[in-house]
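# Breakdown of the fold
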2 protein chains.
Amino acid sequence: MVSTTYSNGVLPYIPFFYVIWADDLLSASEVQVIKKAVESDHSLTPQDKTRLRSWLVREKPPKDSEVKNWQQVITDSNATLIESENYPLEAFSRKVAQFYCDTCAPNVHLQEIEQNLGIQPNHYNHLFNVEVVHQTYSERYRPKEIDRILNRNFIADVESFRGFLNQGIFNWEIIRDKEKARDKVLEQVKVLAMDGWGALAYPKTYGGKGNIESYASIFEHLMYVDGSLGVKFGVQFGLFGGSIHNLGSKRHHDQYLEAAGKATLLGCFAMTETGHGSNVRGIKTTATYIHGERALVVHTPGKNDNKEYIGNALHSTMATVFAQLLVDGKNRGVHAILVPLRDENHKTLPGITIEDNGYKLGLNGVDNGKIWFDQVKVSVENLLDNYGGIDKNGNYRSNIKNPNKRFFTMLGTLVGGRICVAKGALAGAKMSLAIAVNYAMKRRQFNDNIKMQEDLLMDYPSHQLRLIPKVASTYVYHAVLQKAMHEYAVSEGDKRKIETQVAGLKAIITWFSTATIQECREACGGKGYLLENRIADLKNDTDIFTTFEGDNTVLLQLAAKGVLSGFRAEFNSGGFISVLKLLGSRISDKIATINPAYSNKVDREHLYNPKFHLHALDFRLRRLTYTVAMRIRNYIKKGVPSYQAFLKTQTHLLELGKAYSDALAMKWYYEFVKEVDDKEYQELLYQLGALHGLSIIRKNASWYLEQGYLGSTKSKAIRQRVERLSTELRPHAKALVAGFAIPEHLMTAPII
Amino acid sequence: MVSTTYSNGVLPYIPFFYVIWADDLLSASEVQVIKKAVESDHSLTPQDKTRLRSWLVREKPPKDSEVKNWQQVITDSNATLIESENYPLEAFSRKVAQFYCDTCAPNVHLQEIEQNLGIQPNHYNHLFNVEVVHQTYSERYRPKEIDRILNRNFIADVESFRGFLNQGIFNWEIIRDKEKARDKVLEQVKVLAMDGWGALAYPKTYGGKGNIESYASIFEHLMYVDGSLGVKFGVQFGLFGGSIHNLGSKRHHDQYLEAAGKATLLGCFAMTETGHGSNVRGIKTTATYIHGERALVVHTPGKNDNKEYIGNALHSTMATVFAQLLVDGKNRGVHAILVPLRDENHKTLPGITIEDNGYKLGLNGVDNGKIWFDQVKVSVENLLDNYGGIDKNGNYRSNIKNPNKRFFTMLGTLVGGRICVAKGALAGAKMSLAIAVNYAMKRRQFNDNIKMQEDLLMDYPSHQLRLIPKVASTYVYHAVLQKAMHEYAVSEGDKRKIETQVAGLKAIITWFSTATIQECREACGGKGYLLENRIADLKNDTDIFTTFEGDNTVLLQLAAKGVLSGFRAEFNSGGFISVLKLLGSRISDKIATINPAYSNKVDREHLYNPKFHLHALDFRLRRLTYTVAMRIRNYIKKGVPSYQAFLKTQTHLLELGKAYSDALAMKWYYEFVKEVDDKEYQELLYQLGALHGLSIIRKNASWYLEQGYLGSTKSKAIRQRVERLSTELRPHAKALVAGFAIPEHLMTAPII
């Protein structure tokens, strides 16, 4: 038995106190936890308690010499830290104590401290000069269970789809030549179509299951096969088939929908023009009605008015063409018309010119092209006339009188595509994170001079900070997109609100994905740069997602205008008139002044509390709504034209769009977590939510500080908590990325 | 003549006051400017002066109805705003006034206001409901002159090189097949070598000019041809030839240097191993000295110990191989040995195995490969022994006794390569910005309902904010890298300081470039995604620059350790011992408390003043140095092992590394600007510096707010100034990117 100056009661507390003070982990709420344990511990003498209490005064920390002494006591004990113990620090403390006294037994109070403080081996394993039996990851959470929670309503379809993808045609390979890549992707699309996956969202009568939510859930898996497949599939079944389904009448469904779903009719979605991408309302292609022939003449008037970037353009026999509909000399606005492109020998029809868009940064398995129409005549029956058509007498008829409203109603039916784009981007982030995390669990580099083995990348705090908050946000956005698709699926009639919501969410999620994949590439160093390790392709394939199906910058402005008008704006209009009309009545700053106690509240309970995250994000949303509205109103009052007033506040509007989307995502995520039954997994999801929420607040910390919402201390505490949560979640990193449930047969990166 | 309620004296001031109040441009310093002009204007009556003064009280702004009245006066005048006038607002004001009175003459005081406030047509052209004759760009600055300033010492070589590149072999084309791409790039390298460009940095005796600065200046132009060419050129002449030049003795120079410069001897630089990239000191390849044979046996001991990502591996006949040198059973540390790889028929020599690394995200014209050595015997003469060799008796000899010092001295000679990597990355940013800015000067999208023509992208504030600060930073970094190369060229012996500086600069500049190219891709929408428009390739080719030639995360930690040790640390050592030794003596926080008046000073003169930028960046550097040093010291005091103390503060060290690099870049840039003779161009360069400086401060605003260095008002003012400077520089955007002087024959993007 070796003697120390510490009593047998105090001894097992030494490692705990060492960890706490060496690493500065002590905040007020944590002092509470330890004090309570000490008070309830009957094995302690009154003297012991006094001594332990004296080490718990934050204002008067123990002397360095005392702390160093503790370290010596620990080192001398030669105890081994075994990370896989149920209570590793308590078990270790017991071993330390037993070196000096035989009577030290397991201490339930120390177990309580360990649990309540949430301190984990990777917090302290390096603080001791002792042998450590590492546990590189925890098996507490089962990936299968996580998957079940994430995909709860569609798990059967999703699992069946994963199984279906396990066949040779879906094996990933490097194909540099675009023609070969396109052939393969076309073949894959046909295989999927034949098994009914393309038609999933269409009504049963046409070979589907009428389930767009399920469609969206299987969709993201295509990204794991190949980004080009995801996009080509989306174009054929979502955009082309979807336009027939949503914009067409029953006669169109009867004639085309089943063939579209089976991919026996290949089609494209010709909306964007070289001259007009973001400004869809400004497209120049015309469709002129000729009453005598009951025909529409589709025409490309000028040099930059051709359709461009049209996916499936080289394989299609038909296109849904968006054009200004001219009836009896009057422009009725943008409508969609089915225009045959090629004959049965795949020869381009008269008046149609199609050119390949050539090689792109990514998605080279998708045949994007340009299309020109030279006075192409089609039957008026080809007008997709669900929202506006031409009657037998040659009169334009629509149930929606207001042309603005008609336009956005037509576009509103295409919101599902935008959700799928965000889902595709997020799938890219998931796969990249799975690869980067698994690599970081194997790859070692640098070490302490005294050790033989180098350290795992995942054990570097900087590596945790670059990957783990992104894993957390991926969980949040996954749940948010499931919710968005559900909201869209159940929405009826006026879809302005969900359209606004999706506009903003698509923007923040695709940007998040681009940044995440970039981070993963860099986190894998040179290995991440090799095509064989998949991240490179995911990066290039998803890159366009930030600017197609709505440019993110434009979408955020739509979201902001939606907020300003209480989602009543016809926000596809350039004139902002409805926003302005509504502005006058709605401006009010209902935000209470922030209590200084609140703006400096830094305890763990508060910082991890969903209420705090929701409050902070909502505060930003409301405050920015008020300030931007005030600015616009002031410009208008001074006679500045309204279009210019919006331009003047453009960067402010972009912030508002982001703030709205951030607040919405957090709200929807916590609603999802609330519904999770299993308490243990629910706790994990709350932790991920906290890390996401604090990361977003941190990202906007300068604004919160400017507003006085955060005080300096709290702002610093949030930074520290982001780092600490990343460390706390580190043992679960492997399980978390396994929870994305990317089928093993598709995860072919040699580095993992 | 139409009558108004405003006197003839007051009338010409109306547009000025309208601009100022409609757009909230009035800060205290600006009130001063206007007041002064009003006082000196003898055409004004005392009543006029009183009235004008009454409109200059910031606390009591003119009523909205008054401001609206001004707008009416302006609109009714039917005056035309001609942006290309010398003083467009003054000229316009005169026209407005002349509509109401015939006697109104040019007003020199208004010209003064216009000049002193720096208000430009794109600030106010949209505020009036009048006809505007737009000037989409200003011709005030000549790109040729900018080029001369940026490349002042090497302009002759640079211009001659640009001319040389104007030949068919350097035309850009899409080549998807790596073999074909590699053949072309090899051919290009040979053409350059034959004309002497490869040897530029070598001594005259060996076909060069002994000018590494000139070499670096021409180097960046290769990126405009093709990223692969830049890298392949750098490997052959910079790394392989450079290793012979720097690490070898005269006999190596005599035997190999001319052939390397002529590319008749192709070589590679085999340092990185699969198992060891960042941790070079830990590489496993061995070179064992056999005294009896005067030979070295080069060997790959284990599975992951092969060389990897070695550029030029498939074309080379020789490699500079880095290996642990074992002499008489003692490891003398990492040394470089010339190892022949292939015979005259390009057949791999016995014991050598080389494999292709395959397709990568970019740089597919570079033949990266893996190399294994199986007991490969070479003469001891092949040891590059400038810093350490083996004498006739088989004893190891070095002028540098300390093995750590020897290691970093050897690596230090390779700093030039790291500068070139940063230059290559920045060239990618330059070309992308040139494309994106020129596109934004042509591309129109959306408009006011009352206008026929849509607006130029470049006229959107959000577009200005995404591109123009990046143009400004590109200017800063260009000057900084020129300076770095100069410092390196003139450094002698101990290169620790410049190595530290370059480590940090390489990290921030390559990250900046990656972010900039990404922003440019998105700013060009779908067009940016097409390979033909070049940004896509620049993006993929430069992506690896953030993690090769030193991983940025590792480099920033080197920089931080350099700072902590006053650049005396042997910072390639893992043990941090020298840092720790020095820490004790150096910790002192000499930062004076920030005066509240300073932390809320928001006038234009102060915010645009280089002194403010330098002070703020230096404050951050000193404060972070102090806080991280204190944290490390506290850990050590409590007995935490030193390696762990560094790990614990890792994210803090990364911030310190960035802060150091930011401060250094700003300092070097302003030193460069100070030397510029032409006052007009100097003024422009100061404006770019201000935009860069404020952007960096803005990026770290949350930290500055936490520290109390910035008050809320100042922080907001900085945000506004970043936006305003971007707008102020917008008329010069085209000239600024033309100032990068990318040869027209290489700027082949069809969108511009």
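Overview of the structure. (Residues numbered from 1 in each chain as written. Chains lettered and ligands numbered in written order. Predicted model: local features only at pLDDT ≥ 70, side-chain atom pairs only at ≥ 80, totals over all residues. Heavy atoms only, no water.)

## Topic: the overall build of chain A
Helix and strand content of chain A: 30 helices and 13 strands. When its C-alpha atoms are laid out on the principal axes, chain A stretches across 110 × 65 × 40 Å. Within chain A, buried positions represent 64% of all 752 residues. Here the contacts in chain A between residues at least 6 apart in sequence split such that 74% fall between residues at least 24 apart. Of the roughly 27300 Å² of accessible surface on chain A, 50% is carried by carbon and sulfur atoms. (Helix = DSSP H or I, 4+ residues; strand = E, 2+ residues; numbered from the N terminus. Buried < 20%, exposed > 50% of the residue type's maximum accessible area, 1.4 Å probe, protein only. Contact = heavy atoms within 4.5 Å. Areas by Shrake-Rupley, 256 points an atom, 1.4 Å probe, with all protein chains shown as cover.)

## A look at the relation of the copies chain A and chain B
Turning chain A through 180° and shifting it by 0.0 Å along the axis lays it on chain B, with an RMSD of 0.1 Å. Classification of the inter-copy transformation places it as that of a two-fold axis. Ranked by how close their C-alpha atoms come to the rotation axis, the residues of chain A are headed by serine 702 of chain A, at 2.0 Å. Residue by residue, 100% of the interface of chain A is reproduced at the interface of chain B, so both copies engage with the same surface. (Least-squares fit on C-alpha atoms with pLDDT ≥ 70 in both.)

## Quick look at the interface of chain A and chain B
Size of an interface: often given as the accessible area lost when the parts come together. Chain A puts 92 residues into the contact, and the matching count from chain B is 92 residues. Between lysine 539 of chain A and aspartate 543 of chain B there is a salt bridge, with its nearest N and O atoms 2.9 Å apart. (Salt bridge = Lys/Arg side-chain N within 4 Å of Asp/Glu carboxyl O.)

## Digging into the packing of helix α5 (residues 88–100) of chain A against helix α6 (residues 108–117) of chain A
Residues and elements named next belong to chain A. Where α5 contacts α6, the two axes come as close as 8 Å, and the packing angle between them is 145°. Here α5 runs over α6; the crossing is right-handed. Contact residues: α5 offers Pro88, Leu89 and Glu90, while α6 offers Leu110, Gln111 and Glu114. Across the contact of α5 with α6, the residue classes tally to three nonpolar, one polar and two charged. (Axes fitted to C-alpha atoms, helices over the stretch in contact; angles between N-to-C directions. Left-handed = near helix turned anticlockwise from the far one by under 90°. Nonpolar A, V, L, I, M, F, W, Y, C, P; charged D, E, K, R; others polar.)

## Quick word on unusual backbone geometry
Of note in the backbone geometry, glutamine 375 of chain A takes a positive phi value of approximately 50° without being a glycine. Structurally, the position occupied by glutamine 375 of chain A is in the loop between β10 (369–373) and β11 (376–379). By relative accessible area, glutamine 375 of chain A is classed as partly exposed at 49%. The backbone of alanine 741 of chain B shows a phi angle near 55°, a positive value even though the residue is not glycine. By secondary structure assignment, the location of alanine 741 of chain B is in the segment after α30 (733–738). Judged by relative accessible area, alanine 741 of chain B falls into the buried class, the value being 16%.

## A word on helix α29 (residues 712–729) of chain A
Along its 18 residues, α29 of chain A runs 26 Å from first to last C-alpha, staying within 8% of the 26 Å computed at 1.5 Å per residue. If you check which residues of α29 of chain A are buried, you get Lys714, Ser715, Ala717, Ile718, Arg721, Val722, Arg724, Leu725, Ser726, Thr727, Glu728 and Leu729 of chain A. (Expected span 1.5 Å × (residues − 1).)

## Considerations on the environment of leucine 705 of chain B
You can see leucine 705 of chain B is positioned in helix α28 (residues 701–707). Since its relative accessible area comes to 8%, leucine 705 of chain B is described here as buried. Beyond its immediate sequence surroundings of up to four residues, leucine 705 of chain B is in contact with Ser702, Leu705, Glu706 and Ser712 of chain A together with Leu710, Gly711, Ser712 and Ser715 of chain B.

## Section: the environment of glutamate 85 of chain A
All names here are of chain A. Note that glutamate 85 resides in the loop between β1 (80–82) and α5. Along the chain, glutamate 85 and arginine 182 lie 97 residues apart, while their C-alpha atoms are 53 Å from each other. Among all residues touching glutamate 85, those that are not within four sequence positions of it are Ala91 and Lys95.

## Looking at the sheet that holds strand β6 (residues 307–310) of chain B
Residue and element names in this part refer to chain B. One open sheet accounts for three strands, arranged β6-β10-β9; its pairing is antiparallel. Whereas interior strands pair on both sides, the edge strands pair on one side only; in this sheet they are β6 and β9 (352–356). Each adjacent strand pair in this sheet contributes to an overall mean axis angle of 20°, direction not counted. (Pairing = 2+ DSSP bridges.)

## A closer look at the packing of helix α11 (residues 212–225) of chain A against helix α15 (residues 415–440) of chain A
Residues and elements named next belong to chain A. Close contact between α11 and α15 brings their axes to 8 Å; oriented N to C, the two are set at 45°. Regarding the angle of α11 to α15, the classification is oblique. The interaxial crossing formed by α11 with α15 has right-handed handedness. The segment α11 lies against α15, with Tyr215, Ala216, Ser217, Phe219, Glu220, Met223 and Tyr224 engaging Cys420, Lys423, Gly424, Ala427, Lys430 and Met431. Partitioning the contact of α11 with α15 into residue classes produces eight nonpolar, two polar and three charged. (Parallel < 35°, antiparallel > 145°, perpendicular 65-115°, else oblique.)

## Overview of the packing of aromatic side chains
Ring pairs (aromatic) are described by centroid distance and by the angle formed between their planes. Residues and elements named next belong to chain A. On inspection of all chains with the given rule, the structure shows 60 aromatic pairs over all chains. Relative to phenylalanine 128, the ring of phenylalanine 92 lies with its centre 4.9 Å away and its plane at 20°, an arrangement referred to as stacked. One end of the pair, phenylalanine 92, is in helix α5; the other, phenylalanine 128, is in the loop between α7 (121–124) and β2 (131–133), and 36 residues separate them in sequence. Across this residue pair, the class does not change: phenylalanine 92 and phenylalanine 128 are buried. Ring-pair connections join several aromatic residues into one group, and the members of that group are Tyr598, Phe612, Phe619, Trp703, Tyr704 and Tyr709. (Phe/Tyr/Trp six-rings, centres within 6.5 Å; stacked < 30°, edge-to-face > 60°.)

## As for the pattern of salt bridges
A side chain with one charge can pair with a side chain of the opposite charge if their charged atoms come near. Counted by the stated rule, this structure contains 77 salt bridges over all chains. Between glutamate 706 of chain A and arginine 719 of chain B there is a salt bridge whose closest N-O contact spans 3.0 Å. Taken as a pair, glutamate 706 of chain A in helix α28 (residues 701–707) and arginine 719 of chain B in helix α29 (residues 712–729) lie in two separate chains rather than in one. Classification of glutamate 706 of chain A as buried rests on a relative accessible area of 4%. Owing to a relative accessible area of 27%, arginine 719 of chain B belongs among the partly exposed residues under this scheme. When salt bridges that share partners are traced, they join Lys178, Glu179, Arg182 and Asp356 of chain A into one network.

## Description of the sheet that holds strand β6 (residues 307–310) of chain A
Residues and elements named next belong to chain A. Taken in spatial order, the three strands of this open sheet run β6-β10-β9, and their pairing is antiparallel. Of all strands in the sheet, those with a lone pairing partner are β6 and β9 (352–356), marking the two edges. Neighbour-to-neighbour, the strand axes of this sheet turn through a mean angle of 20°, independent of strand direction. In this structure, β6 lies alongside β10, joined through two bridges in antiparallel fashion. Paired with lysine 307 across the two strands is isoleucine 371, which belongs to β10.

## Notes on the environment of threonine 45 of chain B
Residues and elements named next belong to chain B. Mapped onto the fold, threonine 45 is located in the loop between α2 (28–40) and α3 (46–54). Among the residues examined, threonine 45 registers a relative accessible area of 35% and is labelled partly exposed. Considering only alpha carbons, one finds threonine 45 and arginine 140, 95 residues apart in sequence, at a separation of 37 Å.

## Remarks on helix α9 (residues 155–164) of chain B
Residue and element names in this part refer to chain B. Restricting attention to buried positions, one finds in α9 the residues Asp157, Val158, Phe161, Arg162 and Phe164. For α9, the angular spread of the buried residues around the axis is 155°, confining them to a single face. At its buried positions, α9 is contacted by α8 (143–150), α10 (178–194) and α11 (212–225). (Arc of directions from axis to C-beta.)

## Thoughts on the side chain of arginine 406 of chain B
All names here are of chain B. By secondary structure assignment, the location of arginine 406 is in helix α14 (residues 403–412). The exposure class of arginine 406 is buried, given its relative accessible area of 6%. Among the polar contacts made by the side chain of arginine 406, one reaches the side chain of tyrosine 396 at a distance of 3.2 Å. The residues contacting arginine 406, other than those within four sequence positions of it, are Arg332, His335, Tyr387, Tyr396, Ser398, Ile400 and Lys401. (Polar contact = N/O pair within 3.5 Å; in protein donor to acceptor, adjacent residues only side chain to side chain.)

## Focus on the side chain of arginine 182 of chain A
Residues and elements named next belong to chain A. Checked against the element boundaries, arginine 182 lands in helix α10 (residues 178–194). Among the residues examined, arginine 182 registers a relative accessible area of 2% and is labelled buried. Among the polar contacts made by the side chain of arginine 182, one reaches the side chain of aspartate 356 at a distance of 2.9 Å. In contact with arginine 182, other than residues within four places in its own chain, are Leu314, His315, Asp356, Gly358, Asn364, Gly365, Val366, Asp367 and Asn368.

Read these as spatial facts, not as claims about activity.
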